[in-house]
Amino acid sequence: MNFVPHALIAEVTHRCPLRCVYCSNPLEMRSRSEELSTAEWQRVFGEAAALGVLQLHLTGGEPLARPDAEQLVKSGREAGLYVNLITSGIGLAEARLDALVSAGLDHVQLSFQDSEQEQADQIAGTRAHASKLDLAQRIRKHRVAFTMNIVVHRRNLARLPEMIALAEELQVDRLEVANVQYYGWAFENRAELLPTREQVDQTIAIVDAARERLKGRMRIDCVLPDYYARYPKACMGGWGQGLMLIDPAGVVLPCHAARVIPGLTFDDVRSKPLRWIWEESPAFQRFRGDEWMQEPCRSCERKTRDFGGCRCQAFLYTGDPDATDPVCSLSPRRALIDAVIANAAPSSPSQIPPQNWVYRINPSNVPAR
Amino acid sequence: MTQSADLGPVLLLPETMLRLTGPGPRIVELCDGARTLADVIGTLQAEFNGADPEMIRREVLAFLATLNERRALDYL
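The shown structure was predicted, so the numbers you read here are calculated from the model rather than taken from an experiment.

Turning our eyes to something else, we now look at the overall build of chain A. From N to C terminus, chain A includes 14 helices and nine strands. At 20 Å, chain A has a C-alpha radius of gyration in line with the 21 Å of a compact globule built from 369 residues. Each principal axis of the C-alpha atoms in chain A carries an extent, and together these give about 55 × 50 × 45 Å. Relative to its 369 residues, chain A shows a buried fraction of 58%. A fraction of 75% describes how many contacts in chain A between residues 6 or more apart in sequence connect residues 24 or more apart. Accessible surface for chain A amounts to roughly 15,000 Å². Of this, 52% is attributable to carbon and sulfur atoms. Of the charged side chains in chain A, 43 are positive and 45 negative; the average position of the first set lies 0 Å away from that of the second.

Structural data, given as structure tokens:
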């Protein structure tokens, strides 16, 4: 089967001024000295476009931590890609915002942690909320598509209506209500972050009503936590089927979390052509098709829709990356997920940060082994 | 709007894309920030002069309404 990647997620650095407790970066991060250079990224964007990639998502860490962010935008655009910048916006001065837009930026996605400053800063582990509000108003004055991304979880979902109101006030084109996905740092903190079923049901109702009310003014996308789903998500649209991620050191992955799966060797763009990595590398081939599947996936009629769910989640819970995603109601290991739901901390209005959660750290300057 | 090797003409939007078929690419092309809605409809009516002008008008409006719902249009 011939798969074409339509999107490239470029994690251009793991450095970040925020320390969010649900960061999607891996626990073992890339140091600055390992990062691909401007010229290397430029070459990779060209290789990606030749493979069929249409959209480039510049992310991190904080992509603006790289002094060459403007050049990366320009290189992406020159390769013919639609360029999206996913940023916390910290320290983004007007001159630099102007330079990014002039370089051809198509879309800015600005992340928020909450509608209220104190809670937002508690999640981010630093003071960030006020500067985001200021930046949002400035972004709106530029001709660039603007998404507000707000990450939701047990501790802030009660304020979802206020978050939607904030998005309206900031006049964004699109709002992404993104439930935490439980990988990386979020997996470590899942007991403190996982919402209740009741909260998830309310989220769906609130978002549906807002979509109807704001039709034509604001698009709202909503990502739910799959722990409450009956069937697993088609993670990344299938392993190595439509999307790839390149980490700061140039290692090409099928998703953010894939490095947790043992026994796979992920190739990097410094030593191999991107086309070979996508089309032929053993790691990208590993979970394509259904040869690798176990029962109940293998004989399941849903296998062409959800591909057995998420390989990383299967590994994180069962120790076996070939297993059926344990969130699936048909999985013999579904009890593992039900236990997490049952053990998640009771919903607490407390504004005190939990004693036992882990803030994301920054990469050291020493490369990881 | 761009040409995808495997999908044909597509309109790229934040975190998504729309595949364009039939007169879709031409309509998007005409939405250039200079033409008014009446210009867009008039141009297409002239280009497809064998078709019912009223049907063209309704189809263009329906197509633009879809784009608008996806928040793909800006008005100058």
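And the narrative resumes.
Helices and strands together make up the secondary structure of chain B, namely three helices and three strands. The globule rule puts the C-alpha radius of gyration for 76 residues at 11 Å, and the 13 Å found for chain B is close to it. In chain B, which comprises 76 residues, the share counted as buried stands at 36%. For chain B, the share of sequence-separated contacts (at least 6 apart) that also reach a separation of at least 24 residues comes to 30%. With the model as given, the accessible surface of chain B reaches about 4,500 Å², and the carbon-plus-sulfur share is 53%. Across chain B, 7 positive and 11 negative side-chain charges occur, with their mean positions spaced 2 Å apart.

Okay, the packing of aromatic side chains next. Residue and element names in this part refer to chain A. By the definition in use, this model includes eight aromatic pairs over all chains. On the numbers, 5.2 Å between centres and 85 degrees between planes, the contact of F287 with W292 is edge-to-face. Per residue, the accessibility class of F287 equals that of W292, and both read buried. One aromatic cluster is present, formed by Y182, F187, Y227 and Y317 through successive ring pairs. Sitting above the plane of the Y359 ring, R19 keeps its charged end 4.7 Å from the centroid.

Residues and elements named next belong to chain A. Read across the open sheet, the nine strands follow the order β7-β6-β5-β4-β3-β2-β1-β8-β9; overall the sheet is mixed. Every other strand in the sheet has two partners, leaving β7 (219-223) and β9 (252-253) as the edge strands with one partner each. Pairing geometry for strand β2 (residues 55-59) and strand β3 (residues 82-87), over four bridges, is parallel. Looking across to β3, one finds that Q55 is bridged to Y82. Along the sheet, helix α1 (residues 38-51) contacts β1 (7-11), β2 and β8 (243-246); its crossing angle with β1, the most-contacted strand, is approximately 165 degrees.

Attention now goes to the nonpolar core. Nonpolar side chains in soluble globular proteins generally cluster together in the buried interior. All names here are of chain A. Judged by nonpolar contacts, the single largest core of 60 residues is most densely connected at W41, F45, L58, M148, L175 and L274. Leave out the neighbours within four places in its chain, and L175 touches M148, I150, I164, A167, M218, R219, I220 and D221. The next biggest cluster of nonpolar side chains, apart from the first, holds 24 residues, and it includes C20, A128, Y182 and A344.

Within this structure, the stated rule accounts for 39 salt bridges over all chains. In this structure, the salt-bridge partner of D290 of chain A is K303 of chain A, at a minimum N-O distance of 2.8 Å. One end of the pair, D290 of chain A, is in the loop between α11 (282-285) and α12 (303-306); the other, K303 of chain A, is in helix α12, and 13 residues separate them in sequence. Residues E29 of chain B and R26 of chain B are paired through a salt bridge, measuring 2.6 Å at the closest nitrogen-oxygen approach. Residue E29 of chain B and its partner R26 of chain B are located together in helix α1 (residues 24-30), separated by three residues, close to a single helical turn. Relative accessible area serves as the criterion here: at 27%, R26 of chain B is assigned to the partly exposed category. In the salt-bridge network here, residues are joined through shared partners; they are R15, E35, R66 and D68 of chain A.

Below, the discussion takes up the packing of helix α2 (residues 37-47) of chain B against helix α3 (residues 53-69) of chain B. Residues and elements named next belong to chain B. Here α2 crosses α3 at 130 degrees, and the two axes come no closer than 9 Å. For the element pair α2 / α3, the angle class is oblique. The hand of the α2/α3 crossing is right-handed. Counting all contacts with α2, which are made through L37, V40, I41, L44 and Q45, the residues of α3 involved are P53, E54, I56, R57, V60, L61 and L64.

Cut-offs applied
- Residues numbered from 1 in each chain as written.
- Chains lettered and ligands numbered in written order.
- Predicted model: local features only at pLDDT ≥ 70, side-chain atom pairs only at ≥ 80, totals over all residues.
- Heavy atoms only, no water.
- Helix = DSSP H or I, 4+ residues; strand = E, 2+ residues; numbered from the N terminus.
- Rg over C-alpha atoms; globule rule 2.2 N^0.38 Å.
- Buried < 20%, exposed > 50% of the residue type's maximum accessible area, 1.4 Å probe, protein only.
- Contact = heavy atoms within 4.5 Å.
- Areas by Shrake-Rupley, 256 points an atom, 1.4 Å probe, with all protein chains shown as cover.
- Lys, Arg positive; Asp, Glu negative; His and termini not counted.
- Charge placed at Lys NZ, Arg CZ, Asp CG, Glu CD.
- Phe/Tyr/Trp six-rings, centres within 6.5 Å; stacked < 30°, edge-to-face > 60°.
- Lys NZ or Arg CZ within 6 Å of the ring centre and 35° of its normal.
- Pairing = 2+ DSSP bridges.
- Axes fitted to C-alpha atoms, helices over the stretch in contact; angles between N-to-C directions.
- Core = buried A, V, L, I, M, F, W, Y, C linked by side-chain atoms within 4.5 Å.
- Salt bridge = Lys/Arg side-chain N within 4 Å of Asp/Glu carboxyl O.
- Parallel < 35°, antiparallel > 145°, perpendicular 65-115°, else oblique.
- Left-handed = near helix turned anticlockwise from the far one by under 90°.

Nothing here speaks to function; it is all geometry.
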